[in-house]
Amino acid sequence: MCLTSRAPYGLPRRSVLAGTLGVIGAATLAACSSTDEPSTPGAATASPVTGDVDTTRPHVILLGTAGGPAWYAKQNATGISTAVVVGDAVYVVDTGDRAAEQFFRANPTGEAPDEQFSTLRGLFVTHLHSDHTIDYFKMFNYGWWAGLQKITRPVEVIGPGRRTSLTTAYQGSQPPPPASPANPMPGLTDMTNSLFDAYATDINDRVRDNRFTDLRSLINVHDIAIPGFDPAIETLETMPDMNPFPVYEDDRVQVTATLVNHFPVFPAFAYRFDTDDGSVVISGDTGKSTNLARMAADTDLLLHEVIDTSWIDELYADNEALRHHLMTSHMPSTELGQFADALGARQLALHHLVPAEPPVERWQRAQENFTGTFHIGTDLAAINLRG
Ligand SMILES: [Zn+2]
Ligand SMILES: [Zn+2]
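Residues numbered from 1 in each chain as written. Chains lettered and ligands numbered in written order. Predicted model: local features only at pLDDT ≥ 70, side-chain atom pairs only at ≥ 80, totals over all residues. Heavy atoms only, no water.

Named according to an unreviewed UniProt entry, the chain is MBL fold metallo-hydrolase originating from Rhodococcus opacus.

If you want it as structure tokens, here you go:
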């Protein structure tokens, strides 16, 4: 590991101020630069991560901030994905378009290029829409070449389970026969197994030809068992009233989940990470959610999705049903500030921006009535859980 690949983002704020480690870092960088760094003697490799953040304390890196499976024409925004960094442990929530590449670029714990994925401890999926999962398998398949084989324990992968009934058709329309009729609403374990099958040629080649560790042994996938919910008796209510429940714990974090309001999607989760030095709640896709408000009470940092109210009003002026649907299954920018303030969040950061395109001023409305610290999320911005 070349420690100096951390600079400048990776250098702890107090180390930069003190100078001592910075000097050591620069000297070590010169030693490392012949093998794994572009060589500019004595200069730190520029990190694309932005923000005045103390990396010795828990923080998030917004790997991607765009919502929806769309390439926005005016801005090269990356699909939704967030890294929660606690010391040398990294947890990723959702893996939208180019999430794996962003993880590599961000280098959250300052590893050498071929070791970056060695610090990935957990991957959490909020729901199975493609804008949250399109880079899911790439995290592992490409991560395999970038340190995943050096992990000391399998990556814990946690997300929605299988459904037994199809989503109700929009406004009673007659849909075509479903895709994959034998299992039309697969869960995360199903999806992962299907991807292993789809990539079997590559996986078997690498294990036999390159002597790679079997990729299947490097991850543990868990479908979330929802307390009180029987998959055989599904409810049409996507967000039954509930208390948050634990889904993961190690020596760095405790993670809880709750169901949120992303009608008609079920299940759709939000996650809360509690550390010794602050908490963060990541909303997933949701409209205004009482379950989320309960889970996020007094959190240090709330990362919440948002949709521009004016944009929707203009786009769907002739389709009130669709307008209403979007404004209830996503969070209107005009209502988020009040919502976050009422639950007592100390910081509010917007992500999963719809649309992820200028002008940035459109998001100022989300600050109305919010009295804490406000951030408009941008790709590769870092924020300490406790500001
Ligand atoms: Zn989404
Ligand atoms: Zn969604």
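**Q** Now, about the pairing of strand β11 (residues 301-307): what can you tell me, with residues and values included?
**A** Where a strand is regular, its side chains alternate between the two sheet faces. Most of β11 is tucked away: 7 of the 7 residues are buried. Residues Leu301, Leu303, Glu305 and Ile307 line one face of β11 and the alternating positions Leu302, His304 and Val306 line the opposite face, and both faces are buried. Pairing geometry for strand β10 (residues 278-282) and β11, over 3 bridges, is parallel. Looking at β11, one finds that Val280 is bridged to Leu301. At this point the chain moves from β10, through helix α8 (residues 290-295), to the parallel β11, and the crossover so formed is right-handed. Pairing between β11 and strand β12 (residues 347-354): 7 bridges, direction parallel. Across the sheet, the residue bridging to Val306 is Leu353, located in β12. (Buried < 20%, exposed > 50% of the residue type's maximum accessible area, 1.4 Å probe, protein only. Helix = DSSP H or I, 4+ residues; strand = E, 2+ residues; numbered from the N terminus. Pairing = 2+ DSSP bridges. Right-handed = clockwise from strand over helix to strand, strands pointing away.)

**Q** How would you explain the layout of surface pockets if you had to name every residue and give the values?
**A** In this model, the largest pocket occupies a volume close to 530 Å³. The space that makes up the second largest pocket amounts to roughly 370 Å³. When residues in the lining of the second largest pocket are grouped by element, the largest group, 3 residues, is from helix α10 (residues 320-329). Here the residues of the lining of the second largest pocket are counted per class, giving 12 nonpolar, 9 polar and 2 charged. (1 Å grid on protein atoms, 1.4 Å probe; cavity = no way out; pocket = protein on both sides within 12 Å on 5 of 7 lines; lining within 4 Å. Points joined across faces, edges and corners; volume = space filled by probe spheres on them. Nonpolar A, V, L, I, M, F, W, Y, C, P; charged D, E, K, R; others polar.)

**Q** Describe helix α3 (residues 99-106), and please don't skip the residues or the numbers.
**A** Quick reminder: α-helices carry 3.6 residues per turn. Residues three or four places apart thus point the same way. The complete set of buried residues in α3 reads Ala99, Ala100, Gln102, Phe103 and Ala106. Down the axis of α3, the smallest arc covering the buried residues is 160 degrees, so these residues share one side. Tucked inside the fold, the buried residues of α3 contact β1 (59-64), β2 (81-86), β3 (89-93), β4 (120-124) and α5 (136-141). Just downstream of α3, Asn107 is the residue with a positive phi angle, here 45 degrees. (Arc of directions from axis to C-beta. Contact = heavy atoms within 4.5 Å.)

**Q** Hey, could you go over the nonpolar core for me, with residue numbers and the actual values?
**A** Counting 34 residues, the largest nonpolar core has Ile61, Phe140 and Leu215 as its most contacted members. For this core, the secondary-structure elements that each account for two or more residues are β1, β2, β3, α3, β4, α5, β5 (155-159) and α6 (188-198). Residues in contact with Phe140, not counting those within four places in the same chain, are Leu123, Leu148, Val155, Val157, Leu215 and Ile219. Core analysis: the next-biggest nonpolar cluster, separate from the first, contains 32 residues, Ala66, Ala340, Ala356 and Ala366 among them. (Core = buried A, V, L, I, M, F, W, Y, C linked by side-chain atoms within 4.5 Å.)

**Q** Mind laying out the sheet that holds strand β14 (residues 381-384), listing which residues take part and the relevant values?
**A** The strand order across the open sheet formed by 7 strands is β6-β5-β4-β3-β2-β1-β14, and the pairing between neighbours is mixed. Two strands lie at the open edges of the sheet, namely β6 (219-223) and β14, each paired on one side alone. Sheet twist, expressed as the average angle between the axes of neighbouring strands with direction ignored, equals 20 degrees. Summarising the sheet, β1 and β2 pair through 5 bridges and their orientation is antiparallel. Looking at β2, one finds that Ile61 is bridged to Ala83. Packing of α3 onto the sheet brings it into contact with β1, β2, β3 and β4, and relative to β1 it is tilted by some 135 degrees. Across the sheet, α6 lies against β5 and β6, angled at about 140 degrees from β6, the strand it touches most. (Axes fitted to C-alpha atoms, helices over the stretch in contact; angles between N-to-C directions.)

**Q** Tell me about the coordination of the zinc ion (ligand 2), residues and numbers included.
**A** Those donors, His127 (NE2), His129 (ND1), His262 (NE2) and Asp285 (OD), are the protein atoms that reach the zinc ion (ligand 2), and they lie 2.2 to 2.4 Å from it. Coordination geometry of the zinc ion (ligand 2): the 4 donor atoms subtend angles of 92 to 164 degrees at the metal centre, consistent with an arrangement described as irregular. The sequence pattern describing where the donors of the zinc ion (ligand 2) fall on their chain is H-x1-H-x132-H-x22-D. In this structure the zinc ion (ligand 1) is found 3.5 Å away from the zinc ion (ligand 2), and Asp285 serves as a bridging donor for the pair. Here His129, found in the loop between β4 and α4 (130-133), pairs with Asp285, found in the loop between β10 and α8; they are 156 residues apart in sequence, far enough to count as distant. (Donors = N, O, S within 2.8 Å, 3.2 Å for Na, K, Ca; no water. Tetrahedral: all angles 85-135°; square planar, octahedral: opposite > 155°, others 65-115°.)

**Q** Give a description of the coordination of the zinc ion (ligand 1) that names residues and reports values.
**A** For the zinc ion (ligand 1), the full set of protein donor atoms is Asp131 (OD), His132 (NE2), Asp285 (OD) and His352 (NE2), at a range of 2.1 to 2.2 Å. In this structure, the zinc ion (ligand 1) is surrounded by 4 donor atoms whose angles at the metal cover 91 to 162 degrees, and the resulting shape is irregular. Mapping the donors of the zinc ion (ligand 1) onto the primary sequence gives the spacing D-H-x152-D-x66-H.

**Q** Got a sec to walk through empty space enclosed by the protein? Specific residues and values, please.
**A** Empty space among the atoms can be located by rolling a probe the size of a water molecule over them. One pass over the full model with this rule turns up 1 cavity of 30 Å³ or more. Each pocket or cavity is described by its volume, and for the largest cavity that value is around 40 Å³. Around the largest cavity, the lining residues are Ile80, Thr82, Val93, Asp94, His132, Ile282, Gly284, Asp285, His351 and His352. For the lining of the largest cavity, the per-class residue count stands at 3 nonpolar, 5 polar and 2 charged.

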